[in-house]
Every structure is written in structure tokens, then in C-alpha cells.
Amino acid sequence: MVRIRVLVVDDHRIFAESLAAALAAEPDVDVFAAGSGPAALRCLERAAGEGRRYDVLLVDADLGGLPPGARPAVPVRDGQEEGLVDGISLVAGVRTAQPGVRTVVLADRDDPRRAALALQAGASGWVAKDCSLSRLLTVIRGVLRDETHLPPALLTGVLKELTAARRHRTESERLVESLTPREREVLRCMVAGLGRKAVAERLFLSPHTVRTHMQNVLGKLGVHSTLAAVALARRAGVGPVDLAGDVVERGGQLA
């Protein structure tokens, strides 16, 4: 019998333990639980190192207390630990770290916009938390066959959201294409979270020149803040500049 390894990721302990217990009663399911995004990533990394990869993650849509209607967060640094602060961002992080793992988002309510965001982040399904165990097992086994599962009531709304997102992405790509090669390089540094001084040092430019480039980037993109520029860049598929191997100074110490 081929066993399915499932990781439940939910910061509501009673729900997580109850769901894990119900799934564990299935003869072909091994189930574990994690209470946060960083904890889930540690479980994935540890299991992969031991040759016991998980097959499916069941991720709470409201992991970390993301307010209703808010956009998912990007990975952030929490103290000395790289963390993820909401469920949809965790989905994106898992897709990057372990693309072979399937993720299913568990939600308290139908939300076409957030379901579309979850699919864009790499989720294979969106399921109501109060669905039956048999339905959840059908979804778990289905995503392992590369199926995508959504509640029928969400299909129309999700398709509209994905179509709108595609339009926004096309417009964002057009705006990014209007930048000069140097401005695109500066934008990639902005996406990586580098400040003006760090960009200047990396590109061997003066802070004044970098400031001018950043102002030009904001003007051409039609936005008024670095945060908005980064959001638009991500929609257009612009990734951060590669910081691998860079030595960054924080508080007088080398990191």
C-alpha cells in the first residue's frame, strides 16, 4: 500500500489536532501537524533531509491571522528566522522550496479573490474547513494526480479574478518594459529590499544617482512609493537581484 504523508498547517491547535486525528484513521495516510509557516518549513526541510518527503500540505488560509481582504505577505525576516506570515505566502514558499509537494488551502469562507491568489501562488486546491472527511480525502488523492480542486460555487469568481490578474500583469509588463536597462537593475534591487545606500554600493553609483534612478522608476511605473513599485514589479514577473554570496553589514556586524 502506497502511503500518503500529509502535513496539517494551522495555528488553531484544536482544529489541527482534530483534523490530524481524523486523517490518521485512514489506513493509507500518515499525518503530522505544524502550528505556523516557519514550523511547517522546518518540518519539510527535516523530512526531505531524512528522505521522508511530505506529499500534501493542508494549509490554513488565515494562517498567522491575515485580516480578511488583505493581500498575502511576502517572505519576511522575523528576528534571526526567515518566516512567512500567512497561508498563501506559505504556499508560494513551498512551491519554491519543494515544488513536488502539493498544497491545499483550507478556508472558513468562500473568497474568489483569495482562492485565485492561492492558485497563482501554487496551490492545487481550495477547500472549506467544514467539508466532509470523504470530500477532503478525495481532494488529497486528486491533487496527487495533478488535479486542481475548487468548490463549484467559486469557479466563476475565480476565473474572473484570474482574467483580471492577467490584464494587470500585461499592463505591468508594459510599464516595466518602458524602463532603461539601468532602471530595471535598480528595480530588481528594490524588489530585493535594498535601500538607496545598498543599491549605490552594489551598482557602484553615487546615492544621488540612485535616488534619481528610483524617482524615474516610480514615475515611469506610475506609482508613488517603493512598496507599490515592488508590487507592480512582482506582477510583471520581475524577481529580486541575486544577493547570494553578498556580505551585508547590519549594526556593525557582518551577516
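Residues numbered from 1 in each chain as written. Predicted model: local features only at pLDDT ≥ 70, side-chain atom pairs only at ≥ 80, totals over all residues. Heavy atoms only, no water.

Side note on the nonpolar core
Then step 1. One finds V176, L187, M190, V199, L221, A229 and V238 to be the most contacted residues of the largest nonpolar core, which totals 25 residues.
Then step 2. Elements that contribute at least two residues to this core include exactly helix 6 (155-177), helix 7 (181-191), helix 8 (196-203), helix 9 (207-221) and helix 10 (226-235).
Then step 3. In this structure, L221 is in contact with L175, V176, L179, L187, A229 and L232, ignoring residues within four places of it in sequence.
Then step 4. Of all hydrophobic cores here, the second largest spans 19 residues; its members include I4, L23, V31 and L58. (Core = buried A, V, L, I, M, F, W, Y, C linked by side-chain atoms within 4.5 Å. Buried < 20%, exposed > 50% of the residue type's maximum accessible area, 1.4 Å probe, protein only. Helix = DSSP H or I, 4+ residues; strand = E, 2+ residues; numbered from the N terminus. Contact = heavy atoms within 4.5 Å.)

Things to note about the pairing of strand 3 (residues 56-60)
Consecutive residues of a regular strand have side chains that alternate between opposite faces of the sheet.
Then step 1. Burial analysis of strand 3 places 5 of its 5 residues in the buried class, which makes it a mostly covered element.
Then step 2. The side-chain alternation of strand 3 yields two buried faces, one formed by V56, L58 and D60 and the other by L57 and V59.
Then step 3. With 4 bridges joining them, strand 1 (residues 4-9) and strand 3 adopt parallel strand pairing. Bridge pairing in strand 3 links V9 to V59.
Then step 4. In terms of strand pairing, strand 3 meets strand 6 (residues 102-107) through 5 bridges, oriented parallel. From the neighbouring strand, L57 faces strand 6, where its bridge partner is T103. (Pairing = 2+ DSSP bridges.)

As for the packing of aromatic side chains
Then step 1. Scanning the entire structure with this criterion turns up 1 aromatic pair.
Then step 2. Geometrically, the ring pair formed by F32 and Y54 is edge-to-face, given 5.7 Å between the ring centres and 80° between the ring planes. With a gap of 22 residues between them, F32 in strand 2 (residues 29-34) and Y54 in the loop between helix 2 (37-49) and strand 3 connect regions that are remote in the sequence.
Then step 3. Taking the ring centre of Y54 as reference, the NZ or CZ of R5 above it sits at 4.6 Å.
Then step 4. Above the ring of F15, the side-chain terminus of K129 is found at 4.5 Å from the ring centroid. (Phe/Tyr/Trp six-rings, centres within 6.5 Å; stacked < 30°, edge-to-face > 60°. Lys NZ or Arg CZ within 6 Å of the ring centre and 35° of its normal.)

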